[in-house]
Amino acid sequence: MDPIIYFFGTLPGGFSSYPQDHTRVFFEQILKNVKYNLQIIVFRKDNLLYYGYVRKFNGYYFGICICIDRILNDVNVLFNILDDVFASMIEKGDILMMTSDTNVEWAVRSYTSASVAINEYKKLIADKLYITDVNSQRLPPADFSISINDVLEISLEASKEEIVDATKRYSKLCIVKNNIEIERVTGFAHVIYLKNKEIKELNQEIAYWRRKYQREKGTQSQEMDEIKSQKKETSHVPVNRQKGKSKSLWAIILGVIIYIIILFFFHFWGDSENTFMFFKNRGSSSDVADTIEYDSLQVFSDYSDEESTDIQMDKYGDVKESQNGRLVVDDDIDGKTGILH
């Protein structure tokens, strides 16, 4: 007969089996006898054998059951086929998946939600198993000398003949596989580990450059603040100083101008007054007063026609002797000589 294939196990939504029929209770009973991380539990019911492959992972159970009417000569072949299906589910991520922590998790809550994928895996198992007279043998009549409640545990490392003989005699047989690692699954985990390591190194490098950028940014901000501060100082303080210097310069210039004006005023006023008093004293009451204008100097004098007097005038020149009622002026400033009327 062609093998009948079932999927069962404990999923996030609870116990699930596919297809769903009367075998549900039977598969739940199989899980109660599970003691190891990987085993095949063989149940004999009448003229049928149920090879229940059960793998424990992360607190869950994943199971595939092959129902046939013959005894497999090499159970290790069945282990390899079902291990490969388990790895393919993880690789495709349709029923099982591997997390970033390299842990295997369910990708579905129940088998019914992934019925299409389950049917594909059932066909794959049937094609690979391909029951023939070469890889299997007929199931002999049941041996009632052994209780149906007795369970024999045997290692996969035992010989093929020992396993076949135990299958013929016991109604319940647990074949334990100690090496639970699957090379493909280990390869997936290693790839994820390398990727995680690479991501971690990249994150560390990013964090390093981010910290360096923040430090440089802080330094640049500090430098910009210093530059702005210097600009404020150069734009305000020197202007104030220049204003102060301009005010001081104009005050000095104004003071010099006022000083010059005062000197000029006192000098001019003092010479005019002396000259006026001199000529007034030299003249007589009967003489006619003449007005002398020369280089803005006004001299009021009284003099006689007969007298010739040499009069010294500071700064503006020499007033020489009278000639026919006229005064001859020798200007020492610009070298001019004239006669005043």
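Reading the values: the criteria
Residues numbered from 1 in each chain as written. Predicted model: local features only at pLDDT ≥ 70, side-chain atom pairs only at ≥ 80, totals over all residues. Heavy atoms only, no water. Helix = DSSP H or I, 4+ residues; strand = E, 2+ residues; numbered from the N terminus. Buried < 20%, exposed > 50% of the residue type's maximum accessible area, 1.4 Å probe, protein only. Contact = heavy atoms within 4.5 Å. Core = buried A, V, L, I, M, F, W, Y, C linked by side-chain atoms within 4.5 Å. Disulfide = S-S within 2.5 Å. Patch = residues over 30% accessible without salt bridge, like charges linked within 9 Å, V, L, I, M, F, W, Y side chains within 5 Å. Areas by Shrake-Rupley, 256 points an atom, 1.4 Å probe, with all protein chains shown as cover. Salt bridge = Lys/Arg side-chain N within 4 Å of Asp/Glu carboxyl O. Pairing = 2+ DSSP bridges. Right-handed = clockwise from strand over helix to strand, strands pointing away. Arc of directions from axis to C-beta.

(A) Expanded view of the side chain of Thr167. Note on placement: Thr167 falls in helix α4 (residues 160-169). Note on Thr167: relative accessible area 1%, which makes it buried. Once residues within four sequence positions are removed from consideration, Thr167 is found in contact with Val42, Leu49, Tyr51, Ile71 and Leu173.

(B) The nonpolar core, seen in detail. Tyr51, Phe62, Phe86 and Ile95 are the most contacted members of the largest nonpolar core, which totals 53 residues. Tallying contributions element by element places helix α2 (residues 75-92) first for this core, with 10 residues.

(C) Up close: the state of the cysteines. Evaluation of the coordinates by the stated rule reveals zero disulfides. Among the cysteines around Cys65, which has no disulfide bond, Cys67 carries the closest sulfur, lying 6.5 Å off. Its relative accessible area of 0% is what places Cys65 among the buried residues. A relative accessible area of 2% places Cys67 in the buried class.

(D) Representation of a nonpolar patch on the surface in the model. The grouping of Leu249, Trp250, Ile253, Ile257 and Ile261 at the surface amounts to a nonpolar patch, some 520 Å² of accessible area in total. Examined against the element boundaries, Ile261 turns out to sit in helix α5 (residues 183-282). The exposure class of Ile261 is exposed, given its relative accessible area of 52%.

(E) Quick look at the pairing of strand β5 (residues 60-68). The element β5 is largely enclosed, with a buried count of eight among its nine residues. The pairing of strand β1 (residues 4-11) with β5 spans seven bridges and is antiparallel. Looking at the pairing, Ile4 lines up with Cys67 of β5.

(F) Here's a closer look at the pairing of strand β10 (residues 151-155). Relative to strand β11 (residues 172-176), β10 is paired through five bridges, and the arrangement is parallel. Within the sheet, the bridge partner assigned to Leu152 lies in β11 and is Leu173. On the question of chirality, the crossover connecting β10 to the parallel β11 by way of α4 is right-handed.

(G) Inspection of the environment of Thr186 at higher detail. By the secondary structure assignment, Thr186 is in helix α5. Classification of Thr186 as partly exposed rests on a relative accessible area of 39%. Each C-alpha atom of the pair Thr186 and Thr102 lies 9.1 Å from the other, and the pair is 84 residues apart in sequence.

(H) Molecular detail of α4. Here α4 has its buried residues at Ile163, Val164, Ala166 and Thr167. One side of α4 carries all its buried residues, which in axial view fall inside an arc of 160°.

(I) Region of interest: the pattern of salt bridges. Within the structure shown, the criterion is met by 11 salt bridges. Of the charged contacts, one joins Glu153 and Lys35 as a salt bridge, the two residues approaching to 3.1 Å between their closest N and O atoms. With Glu153 in strand β10 and Lys35 in the loop between α1 (24-32) and β3 (38-45), this pair connects stretches of sequence that are 118 residues apart. Classification of Lys35 as exposed rests on a relative accessible area of 63%. Of the charged contacts in the structure, one is a salt bridge between Lys160 and Asp74, with a shortest N-O distance of 3.5 Å. With a gap of 86 residues between them, Lys160 in helix α4 and Asp74 in the loop between β6 (70-72) and α2 connect regions that are remote in the sequence. Three or more residues are tied together by salt bridges with common partners; here these are Asp84, Glu91, Lys128 and Arg184.

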